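Listed here are the chains, written in short residue letters.
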Amino acid sequence: MGSPSGRAPADDHVLYLDNEAVLAHLAGVDVVEVVAAVLAAHRDGRTVLPEEAALYWPTPAGATARSLALPALVEGPGGPVAGLKVINANPANVARGLPRASGILVLFDPETARVTAVLQAEHISSRRTAAVTAVAVRHLAPGARSLALIGCGALARAHLDVCPAELADLTTLTLFDLDRGRAEALAAEARRRPELARVEVAVAPGARAAVEGSEVVVPVTTVTEPYITADWLAGTRMVVNVSLDDCARDVFQDCDVLVVDDWDLVAADTRRLLGVLAAEGAVTPPGSPAGGGGRPVDATLGDVMASGPGRSNGELVVVNPFGMGVHDVALGGEVLARATRGGRGGLRLSR
């Protein structure tokens, strides 16, 4: 993991990297390995991950907007990397021709605590999200041959950028979006990708049709009401519940293995269903005794990487990745290190 300079520049400027620069430098980063290393660091207590701050408000046009602030620190080989991601979203932006989400990642000097860089966060955020899915596939659904993406926006595209290397046996990719045109556009793009040349790409007529029969299901939507129920998942090996509100209660309670990235973050957010179940005592922390009235979480993803939760064929695994700011900060540190080494540091802003 890279380090955001270690010292403030002598002329006391802040480096700014826009989306184009961030994307260019991300191309040189193995995002899956960075995310896996951070999951291991988090498991071993080498991170600081405070509870995120969340602001929600109704817009004048009647949509629901939100702003999330995620501070984090991770100890890397080159020293600590610290920063803050602010990511905002409004689902109504899509109809305006704007991205649903936008944000910035602010990196700090680990010694002085001064801001050293500001990076546009959209690509970092989407790539780290997809990389968590890739790590889950590597450890919990190796050899999977079919994948369903529910929702065909930026996060779905990021999954197509990041996950194929962990899906070497993939033969079928099924897409669904309420906007069929968006699904058709992503399907056409997928068919042009060399890494998916031998994969059959289909657009499903509905969410259930996409889910049923798919070994790995990844919802990347903006829904706030669950719709995936346990009876949809008879042939599914793993659901990576990226958008957090797609799976119904019975999916969490009846699955064979339930995995989270960080229990404290999950339990603190009672706007999301798994947090609601935690508040009710229906789902309990990793390590809780079975039969205590709630369904214990079986493991964190970091635990799975270390030893696995002891799975057998035919089990359904649900991975609920809340999203950890330490991943954004670590990836931001890698991007900044490459920008600095390459002499393409972006725009230098006066304080």
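Residues numbered from 1 in each chain as written. Predicted model: local features only at pLDDT ≥ 70, side-chain atom pairs only at ≥ 80, totals over all residues. Heavy atoms only, no water.

(A) Fine view of the packing of helix H2 (residues 31-43) against helix H3 (residues 122-140). It is the contact of H2 with H3, at a shortest axis distance of 8 Å, that shows an interaxial angle of 75 degrees. It follows that H2 is roughly perpendicular to H3 by the angle criterion. Note on element contacts: H3 touches H2 through Arg 127, Arg 128, Ala 131, Val 132, Ala 134, Val 135 and Arg 138, opposite Val 31, Val 32, Glu 33, Val 35, Ala 36 and Leu 39. (Axes fitted to C-alpha atoms, helices over the stretch in contact; angles between N-to-C directions. Helix = DSSP H or I, 4+ residues; strand = E, 2+ residues; numbered from the N terminus. Parallel < 35°, antiparallel > 145°, perpendicular 65-115°, else oblique. Contact = heavy atoms within 4.5 Å.)

(B) Quick peek at the pattern of salt bridges. A complete count under the given rule lists 21 salt bridges for this structure. Between Arg 208 and Glu 212 there is a salt bridge whose closest N-O contact spans 2.6 Å. A salt bridge links Asp 298 to Arg 295, with the nearest nitrogen and oxygen atoms 2.8 Å apart. Using a relative accessible area of 38% as the deciding quantity, one classes Asp 298 as partly exposed. Members of the salt-bridge network, linked through shared partners, are Arg 127, Arg 157, Asp 161, Glu 189, Arg 193 and Glu 195. (Salt bridge = Lys/Arg side-chain N within 4 Å of Asp/Glu carboxyl O. Buried < 20%, exposed > 50% of the residue type's maximum accessible area, 1.4 Å probe, protein only.)

(C) Region of interest: the side chain of Glu 122. Inspection of the secondary structure puts Glu 122 in helix H3. Within the buried set, Glu 122 has no salt-bridge partner at all; the shortest N-O distance to an opposite charge, 9.7 Å, is to Lys 85. (Lys, Arg positive; Asp, Glu negative; His and termini not counted.)

(D) Up close: the pairing of strand E6 (residues 101-108). Pairing between strand E5 (residues 79-89) and E6: eight bridges, direction antiparallel. For Asn 88, the partnering residue across the bridge sits in E6 and is Ser 102. Where E6 folds back on strand E7 (residues 115-120), the antiparallel hairpin that results is connected by six residues, among which Ala 113 adopts a positive phi of roughly 70 degrees. (Pairing = 2+ DSSP bridges.)

(E) Summary view of the sheet that holds strand E12 (residues 238-240). In spatial order, the strands read E10-E9-E8-E11-E12-E17-E13-E16; together these eight strands make up an open sheet with parallel pairing. Looking at the sheet topology across the chains shown, the edges are occupied by strand E10 (200-203) and strand E16 (299-300). Note: strand E9 (residues 172-176) against E10, four bridges, orientation parallel. Considered in E10, the bridge of Leu 175 is made with Val 203.

(F) Region of the structure containing the environment of Pro 99. For Pro 99, the location among the structural elements is in the loop between E5 and E6. The sequence separation of Pro 99 and Gly 153 amounts to 54 residues, and the corresponding C-alpha distance is 9.0 Å.

(G) Seen up close, the state of the cysteines. Following the criterion strictly, the structure yields zero disulfides and no others. Sulfur of Cys 247: no disulfide; nearest cysteine sulfur belongs to Cys 255 and is 8.9 Å away. With relative accessibility at 6%, the residue Cys 255 sits in the buried group. (Disulfide = S-S within 2.5 Å.)

(H) Structural context of the side chain of Thr 300. Counting through the fold element by element, Thr 300 comes out in strand E16. The exposure class assigned to Thr 300 is buried, which follows from its relative accessible area of 16%. For Thr 300, the contacting residues outside a window of four places in its chain are Val 259, Val 260, Asp 261 and Pro 286.

(I) Geometry of helix H5 (residues 180-192). For H5, with 13 residues, the first-to-last C-alpha span of 19 Å sits near the 18 Å given by 1.5 Å per residue. Three or more residues of H5 are buried, namely Ala 183, Leu 186, Ala 187, Glu 189 and Ala 190. Viewed along the axis of H5, the buried residues span an arc of 165 degrees, placing them on a single side of the element. Looking at the buried positions of H5, the neighbouring elements they touch are helix H4 (154-162), E9 and E10. One side-chain oxygen at the N-terminal end of H5 lies 3.0 Å from the backbone nitrogen of Gly 181; it belongs to Asp 179. (Expected span 1.5 Å × (residues − 1). Arc of directions from axis to C-beta. Polar contact = N/O pair within 3.5 Å; in protein donor to acceptor, adjacent residues only side chain to side chain.)

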